[in-house]
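Given next are the chains, with one letter for each unit.
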Amino acid sequence: MFGDFEAQRHWLEITVNLPISEWYFYDLQYWGLDYPPLTAFHSFFLGKIGNLIDKSWFLLDSSRGFETSDLKSFMRITALISELVIYIPAVVWYCKWMGRYYNNALPVDQTIIAAAILFQPHLIIIDHGHFQYNSVMLGFTLLIDPDVISMVCWICNISLFSMWPLLKRDGLVLQYFVLGILSNWLMGNLSWIRKFASKLGMPISARDKAQTVLPHNWFWIIIIIGSYVSALLLHIVEFVKPPPENLPDLWVIGNVLISFGCFILFWLWNNYKLFKLCHTKTKLV
């Protein structure tokens, strides 16, 4: 079976050749359509445009595994345009709305939050490196306070880390590290480097208020730092020592265990915050 590029192409193929009633039931052993209806219509729209360019791209069944350079260019361009038209305006609008009506955040803070969302490395790599249309269906709910920001930064980093085995296989090691460093710099997670360098006498102007993005709760501080240390140690071990011959996927399993544990904890925290939000009298005008 082919990879995610073929899945995205196949879903355009399904939506332009079959009635809506069959979209979610056609040949589920191959690549069953799993986008929600609105995003499925987005695939239908792109498939119609593609058919105007080259009908061979999305012929039902006979086009499976089709990966010509012009088709790849078409789909990657549509991913960029979809992000520019749908995802980016939605994120900017949402951050402005939340900043204006939830806690009177300054415009510069609204912009920083929007940028932190838009520059999530795991979404950039999976949509434009590995290739998907996730940005079309994503909606974000961002409560603007330091603890929420710290949790969002943390889970963004863990999400990127969880994709390491896939990105390594796809030859995206450089993108993984570069985007990870840049996104953490943008979100303020590297501010401790400025302070440390300043104490060593290096010519760097450290801001007194620059703080690493960590929550105030000691439990979450331990969890977040512990997960970062575990991920770093796993990377070091993987680079210096291959897995045992009888356990070739040992480092991948380690990645899964760390990521899964963090995702479960974040899921519990997120549901707790939603429960509290539903039982408060905070009114969003």
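Everything below is about the structure printed above this text.
The rules we used
Residues numbered from 1 in each chain as written. Predicted model: local features only at pLDDT ≥ 70, side-chain atom pairs only at ≥ 80, totals over all residues. Heavy atoms only, no water. Helix = DSSP H or I, 4+ residues; strand = E, 2+ residues; numbered from the N terminus. Buried < 20%, exposed > 50% of the residue type's maximum accessible area, 1.4 Å probe, protein only. Contact = heavy atoms within 4.5 Å. Areas by Shrake-Rupley, 256 points an atom, 1.4 Å probe, with all protein chains shown as cover. Expected span 1.5 Å × (residues − 1). Core = buried A, V, L, I, M, F, W, Y, C linked by side-chain atoms within 4.5 Å. Phe/Tyr/Trp six-rings, centres within 6.5 Å; stacked < 30°, edge-to-face > 60°. Lys, Arg positive; Asp, Glu negative; His and termini not counted. Salt bridge = Lys/Arg side-chain N within 4 Å of Asp/Glu carboxyl O.

### Looking at the overall build of the protein
In terms of regular secondary structure, the protein is built from 13 helices and 0 strands. Each helix and strand of the protein, ordered N terminal to C terminal, gives the series α-α-α-α-α-α-α-α-α-α-α-α-α. Evaluated residue by residue, the protein yields a buried proportion of 39% over its 285 residues. A sequence separation of at least 24 residues applies to 68% of the contacts in the protein between residues at least 6 apart. A total accessible area of about 16800 Å² is found for the protein, and carbon and sulfur atoms account for 69% of it.

### Comments concerning helix H5 (residues 107-118)
Each α-helix turn comprises 3.6 residues. Residues three or four places apart therefore point the same way. Taking 1.5 Å of rise per residue, 12 residues should cover 16 Å, and H5 covers 16 Å from first to last C-alpha, within 8% of that figure. Turning to H5, its buried residues number three or more, namely Gln110, Ile113, Ala114, Ala115, Ala116, Ile117 and Leu118.

### Observations regarding unusual backbone geometry
Located in the positive-phi region is Asp27, a residue other than glycine, with phi close to 45°. The exposure class assigned to Asp27 is partly exposed, which follows from its relative accessible area of 30%. In the Ramachandran plot, Asp61 falls in the positive-phi region, its phi being about 70° despite a non-glycine side chain. On the secondary structure map, Asp61 appears in the loop between helix H3 (37-53) and helix H4 (69-101).

### Quick look at H3
With 17 residues, H3 should cover 24 Å at 1.5 Å per step; its first-to-last C-alpha distance of 25 Å lies within 8% of that length. Within the sequence span of H3, burial applies to Thr39, Ala40, His42, Ser43, Leu46, Gly47, Gly50 and Asn51.

### Considering the nonpolar core
Counting 31 residues, the largest nonpolar core has Val91, Met151, Trp154 and Leu167 as the members making the most contacts within it. Contributions of two or more residues to this core are made by H4, H5, helix H6 (121-131), helix H8 (146-162), helix H9 (164-169), helix H12 (218-240) and helix H13 (250-278). By residue number, the principal contributor to this core is H8, which donates 7 residues. Among the nonpolar cores identified, the runner-up in size contains 24 residues, and Ala7, Tyr30, Tyr35 and Ala79 belong to it.

### Remarks on the packing of aromatic side chains
The tally for this structure, following the rule as stated, stands at 13 aromatic pairs. When the ring of Phe266 is compared with that of Trp269, the centres are 5.4 Å apart and the planes differ by 35°; the resulting orientation is tilted. Linking Phe266 with Trp269, this pair stays in helix H13, spanning 3 residues, or about one helical turn. Each member of the pair Phe266 and Trp269 is classed as buried.

### What about the side chain of Glu83?
Mapped onto the fold, Glu83 is located in helix H4. No salt bridge is formed by the buried Glu83; the nearest opposite charge belongs to Arg76, separated by 11 Å.

### With respect to the pattern of salt bridges
Under the criterion given, the structure shown has 6 salt bridges. One salt bridge in this structure joins Glu238 and Lys168, with 2.8 Å as the shortest N-O distance. Note that Glu238 is positioned in helix H12 and Lys168 in helix H9, a separation of 70 residues in sequence. Take Glu238: its relative accessible area is 17%, and that puts it in the buried class. For Lys168, a relative accessible area of 41% translates into the label partly exposed. Its salt-bridge partner being Arg169, residue Asp170 comes within 3.7 Å of it at the nearest N-O pair. One salt-bridge network, held together by shared partners, links Glu6, Arg9 and Glu13.

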